[in-house]
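Given next are the chains, with one letter for each unit.
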Amino acid sequence: MADERARYFRRLRRLRRSARRWSVVGAGFAGAAAVLTPYAGLGLPDAAWAAAAGGSLVLAGWRWADLRRVSARPAPPAPDPAIAAERTRARLLAAVEAAPGGRTALAEVRRQRGRYALRGSAAAAAWDRLDRASTTLGSLAARLTGMGANAVLEAAVAEDSLRDLAHRVAGVEKALRFAPPDAQASLTEAHRDLGHQLDEGVSAYERLVAAAASYVAEDGRLGAAHPSISRLTEASDLLRGVAMGLAEVRTTTPDPMRAAS
């Protein structure tokens, strides 16, 4: 809605400027034709002046008509401030994500904001464990190919679910502080169950990260040696052979200065 309202007023301004511009141009050509024609009579240049004046005045008339037609329509209503703020926020986030390193910086800000919301909660420790495991998995993700790529997708879904569960635990914990006595028992039991689920979920996530690390390690041990080692060995042998050949040429070739003496 904000864009439609802004486009409406931008179009009005463009039409108004265009109508004024063509009115001035048409009046200028008409005045020039009226002044210059009597000096030399009617000729080809005078026809050009008259045609330019007529065309400019017609365009000016069309622009004024378009301006009146657009002005007759009511302007779109002003947007809701909350919606406008959300759209502005979305555009700002998109601009930051498009910048180099912007996506990583935004992810870090979101994690820190989530961690701050859990300060003093029993879920804070599980959140920190999840953060460490998620960072470790992120460093391994580029090497998890084939069947390992599916594990990365599953881990992303599980991480979102566990973070939501951590906020649930913190929310129930805050509610316990002012809950009436008759609701304390049920909330305490719910808090204990949610905390248990969170601990088990984070432990399962950590086991997944450990399995991913094992996959990456074993995938790199499939060959007898790393390809870079064999290439370095071949390059070393080549250089050593060239050096030996040069040394042999030097020792078998007589010195011209010594031969002359």
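Everything below is about the structure printed above this text.
Note on numbering: residues in each chain are counted from 1, in written sequence order. For a predicted model such as this one, the threshold for reporting local features is a pLDDT of at least 70, and the threshold for listing and counting side-chain atom pairs is 80 or more; totals across whole chains, interfaces and linings nevertheless cover every residue. In computing side-chain properties, one takes all heavy atoms of the structure into account and sets aside hydrogens as well as water.

Undergrad: Which residues make up empty space enclosed by the protein, and what are the values?
TA: We place a 1 Å grid over just the protein atoms. Points where a 1.4 Å probe fits but has no way out form a cavity, open points with protein on both sides within 12 Å along at least 5 of 7 lines form a pocket, and any residue with an atom within 4 Å of a point lines it. Grid points are joined across faces, edges and corners, and a volume is the space filled by probe spheres set on the points. Applying the stated rule across the entire model yields 1 cavity of 30 Å³ or more. A volume near 40 Å³ is recorded for the largest cavity. If you trace the largest cavity, you find it lined by Ala 117, Leu 118, Arg 119, Gly 120, Ser 121, Ala 170, Glu 173, Lys 174 and Arg 177. Helix and strand assignments come from DSSP, with helices taken as H or I runs of at least 4 residues and strands as E runs of at least 2, each series counted from the N terminus. Considering each element in turn, the lining of the largest cavity owes the most residues, 3 residues, to helix H6 (residues 147–176). Each residue is assigned to one of three groups, with Ala, Val, Leu, Ile, Met, Phe, Trp, Tyr, Cys and Pro labelled nonpolar, Asp, Glu, Lys and Arg labelled charged, and all others, Gly among them, labelled polar. Classifying every residue of the lining of the largest cavity by side-chain character gives 3 nonpolar, 2 polar and 4 charged.

Undergrad: Quick rundown of a nonpolar patch on the surface? Include the residues and the values.
TA: Note that patches include only residues with greater than 30% relative accessible area and no salt bridge, and the join distances are 9 Å for like charges and 5 Å for nonpolar side chains (Val, Leu, Ile, Met, Phe, Trp, Tyr). Calculation of accessible area relied on Shrake-Rupley with a 1.4 Å probe; when residues are assessed, cover is drawn exclusively from the protein chains displayed. We define a salt bridge as a side-chain nitrogen of Lys or Arg found within 4 Å of a carboxyl oxygen belonging to Asp or Glu. A surface patch of nonpolar side chains, about 310 Å² in accessible area, is lined by Leu 238, Val 242 and Leu 246. Tracing the backbone shows Val 242 in helix H8 (residues 227–252). Only protein chains enter the calculation, and the probe is 1.4 Å; a residue is then buried if its accessible area is under 20% of its type maximum, exposed if over 50%, and partly exposed in between. Among the residues examined, Val 242 registers a relative accessible area of 43% and is labelled partly exposed.

Undergrad: Break down the packing of H6 against helix H7 (residues 181–219) for me, with residues and values.
TA: To obtain an axis, a line is fitted to C-alpha atoms, over the contacting stretch when the element is a helix, and the angle between two such axes runs from 0 to 180 degrees between their N-to-C directions. Running from N to C, H6 and H7 point in directions that differ by 155 degrees, and their axes come no closer than 9 Å. Relative to H7, the element H6 is oriented roughly antiparallel. Between H6 and H7 the crossing geometry is left-handed. Counted by class, the contact of H6 with H7 contains 18 nonpolar, 7 polar and 3 charged residues. By the definition adopted for this analysis, an angle is roughly parallel if under 35 degrees, roughly antiparallel if over 145, roughly perpendicular if from 65 to 115, and oblique otherwise. Handedness of a crossing follows from how the near helix is turned relative to the far one, being left-handed for an anticlockwise turn of less than a right angle and right-handed for a clockwise one.

Undergrad: I'd like a rundown of the packing of helix H5 (residues 124–140) against H6, residues and numbers included.
TA: If you want to describe how two helices pack, look at the angle between their axes and the distance between the axes. Relative orientation of the contacting elements H5 and H6 amounts to 165 degrees, with a least axis distance of 11 Å. Judged on the interaxial angle alone, H6 and H5 are roughly antiparallel. For the pair H5 and H6, the crossing hand works out as left-handed. Contact with H5, carried on its side by Trp 127, Leu 130, Asp 131, Ser 134 and Leu 137, involves Ala 155, Glu 159, Leu 162, Arg 163, Ala 166 and His 167 of H6 and no other residues of that element. Residues of the contact of H5 with H6, tallied by class, amount to 6 nonpolar, 2 polar and 3 charged. Contacts: residue pairs with any heavy atoms within 4.5 Å of one another.

Undergrad: I'd like to hear about the packing of aromatic side chains, residue by residue, with values.
TA: By convention, a stacked pair of Phe, Tyr or Trp rings (six-membered ring in the case of Trp) has centres within 6.5 Å and planes under 30 degrees apart, an edge-to-face pair has planes over 60 apart, and any other such pair is tilted. Summed over all chains, the structure comprises 1 aromatic pair. Each ring, one from Tyr 8 and one from Phe 9, has its centre 5.2 Å from the other, and the planes form 80 degrees; the classification is edge-to-face. Tyr 8 gets classed as buried once you look at its relative accessible area, which sits at 11%. According to the relative accessible area criterion, Phe 9 is partly exposed, its value standing at 32%.

Undergrad: I'd love a proper account of the side chain of Ser 134, names of residues and values included.
TA: Mapped onto the secondary structure, Ser 134 falls in helix H5. Beyond its immediate stretch of four places on either side in the chain, Ser 134 contacts Glu 159, Arg 163 and Tyr 205.

Undergrad: Tell me about the nonpolar core, residues and numbers included.
TA: Ranked by size, the top nonpolar core spans 23 residues in total, and within it Leu 137, Leu 162, Ala 166, Leu 198, Val 202 and Tyr 205 carry the most contacts. At the level of elements, H5, H6 and H7 are the ones that each hand at least two residues to this core. Apart from the residues lying within four places of it in its own chain, the contact partners of Ala 166 are Leu 118, Ala 123, Trp 127 and Leu 198. Residues belong to a common nonpolar core when they are buried Ala, Val, Leu, Ile, Met, Phe, Trp, Tyr or Cys residues joined through side-chain atoms within 4.5 Å. Counting 5 residues, the second largest nonpolar core, distinct from the first, contains Tyr 8, Leu 12, Leu 67 and Val 70.

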